[in-house]
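Each chain is listed here by its residues.
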Amino acid sequence: MDDAGSCSKPETSFLLESLPKELPAEFLKEITDGFSPDRELGKGVFGTVYRGTLKDGTEIAVKKIGSGSPVTPDKQFQNEVGNLMAVRHDNIVKLVGFCYETKRTVVEHNGRYILADTVESLLCYEYMKMGSLDKHIFAPSTLDWATRFKIIKGICQGLHFLHKGMDKPMLHMDLKPDNILLDENMAPKIADFGLSRLFGTEQTRMHTLNVVGAHGYMAPEYLYRGEISTQLDIYSLGLLIIEITTGERNQRSKDDMSARNLVENVRQNWTIEYIVSKYSSLDANSLQQLKVCIEIGLECVEIDRKKRPSIEHIVNKLDGRL
């Protein structure tokens, strides 16, 4: 860690052009106006994200990990910092700083005041001006097909890097529109790696008894048997592609954790004739792209994980190489 003087007033280049740096909790509290509600960018099961402003006006996103997370704050912190420390890809959000501080504070317990250790866990990311994908892709929406196709390709390229571009494959395990962020050019970046796992190259799958994730995005083999493999991410990716392509919202029901109702609706109704009627202004090339995206989305959500395509196959198909 750098000396206190350099940490208290980090420069933009110090944050954005190097490996993530450890930052004091007081500094992060200061740049978010004391974690003011006016600075809140979003809230989820893993914590609350605030907009922080550096001295030169550069904005970053500061996530304050909450105690109600489905995984312990310690585990989530280790996952995000450890896994994202050296990840650099245009379609993966950049971790620029972190804070893990233990402080002794006076708390009330059974009518008595005692000294207790409290932990501040905070993660800092590059600020994504357009927010999360779920705010843009559903009706009413102004996104044209070219932008939607660009977003789909970007997400797939980011996932390709996670599965194929590292020493060991990394599983995200929580792909959904809320966890895809968009920059000012509407380029997508995969975010929120609180559930992610590094996957040994010698493994084809593993199991867990602790099944956690978003309603409506869980692969059936993970939901019912705790099976973990790269195909878990492919299933969630398929639902994402379907939502972006069709504009149909996944209802995220507890009674339909794998979104089979959405899948069957698209499988039955999204014929070529329906596509033409819904996107009447598409040229032939765009119509073919849209058709391919629906095909890929439905292939990705096959019940049998062995029938789902690999991320390499998906990227090649989107690029027209198949």
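Attention here is on the structure that accompanies the text. (Residues numbered from 1 in each chain as written. Predicted model: local features only at pLDDT ≥ 70, side-chain atom pairs only at ≥ 80, totals over all residues. Heavy atoms only, no water.)

1. Structural notes on the overall build of the protein
- In terms of helices and strands, the protein carries 11 helices and 12 strands.
- Pairs at least 24 residues apart make up 62% of the contacts formed inside the protein by residues separated by at least 6 positions.
- For the protein, the accessible surface area stands at approximately 15600 Å², while carbon and sulfur atoms represent 48% of it. (Helix = DSSP H or I, 4+ residues; strand = E, 2+ residues; numbered from the N terminus. Contact = heavy atoms within 4.5 Å. Areas by Shrake-Rupley, 256 points an atom, 1.4 Å probe, with all protein chains shown as cover.)

2. Observations regarding the nonpolar core
- Membership of the largest hydrophobic core comes to 77 residues, with the highest contact counts inside it found for Leu133, Cys156, Leu237 and Ile314.
- With 14 residues, the next largest nonpolar core counts Leu28, Phe35, Val96 and Cys124 among its residues. (Core = buried A, V, L, I, M, F, W, Y, C linked by side-chain atoms within 4.5 Å. Buried < 20%, exposed > 50% of the residue type's maximum accessible area, 1.4 Å probe, protein only.)

3. With respect to the pairing of strand E4 (residues 59-65)
- Extensive coverage of E4 is indicated by the burial of 5 of its 7 residues.
- Pairing analysis gives 7 bridges linking strand E3 (residues 47-53) to E4, with the strands arranged antiparallel. Bridged to tyrosine 50 within E4 is valine 62.
- Here E4 pairs with strand E6 (residues 112-126) via 5 bridges, running antiparallel. Paired with lysine 64 across the two strands is leucine 122, which belongs to E6. (Pairing = 2+ DSSP bridges.)

4. Considerations on the pattern of salt bridges
- Counted by the stated rule, this structure contains 18 salt bridges.
- Across the pair lysine 317 and glutamate 295 runs a salt bridge, and its minimum N-O distance is 3.7 Å. Of this pair, lysine 317 sits in helix H11 (residues 311-318) while glutamate 295 sits in helix H10 (residues 284-300), and the two are 22 residues apart along the sequence.
- Residue classification places lysine 317 among the buried residues on the basis of a relative accessible area of 18%.
- One network of salt bridges, in which partners are shared, links Lys291, Glu295, Glu299 and Lys317. (Salt bridge = Lys/Arg side-chain N within 4 Å of Asp/Glu carboxyl O.)

5. A word on the packing of helix H5 (residues 145-164) against H10
- Contact geometry for H5 and H10: axes closest at 11 Å, N-to-C directions at 40 degrees. Regarding the angle of H5 to H10, the classification is oblique. Judged by the twist between their axes, the crossing of H5 over H10 is left-handed. Along the contact surface, H5 presents Trp145, Phe149 and Ile152, while H10 presents Ser286, Gln289, Leu290 and Cys293.
- Of the residues contributing to the contact of H5 with H10, the split by class is 5 nonpolar, 2 polar and no charged. (Axes fitted to C-alpha atoms, helices over the stretch in contact; angles between N-to-C directions. Parallel < 35°, antiparallel > 145°, perpendicular 65-115°, else oblique. Left-handed = near helix turned anticlockwise from the far one by under 90°. Nonpolar A, V, L, I, M, F, W, Y, C, P; charged D, E, K, R; others polar.)

6. Observations regarding helix H8 (residues 260-269)
- Within H8, burial applies to Leu262, Val263 and Val266. On an axial view of H8, the arc spanned by its buried residues comes to 100 degrees, and they lie on one face. Opposite the packed face of H8, turned more than 90 degrees from it, sit the exposed residues Asn261 and Gln268. (Arc of directions from axis to C-beta.)

7. Structural notes on the environment of isoleucine 241
- Along the chain, isoleucine 241 falls in helix H7 (residues 230-246).
- For the pair isoleucine 241 and lysine 153, spaced 88 residues apart in the sequence, the C-alpha separation amounts to 9.5 Å.
- Non-local contacts of isoleucine 241, meaning those with residues more than four positions away in its chain, are made with Ile152, Cys156, Cys293, Ile296 and Gly297.

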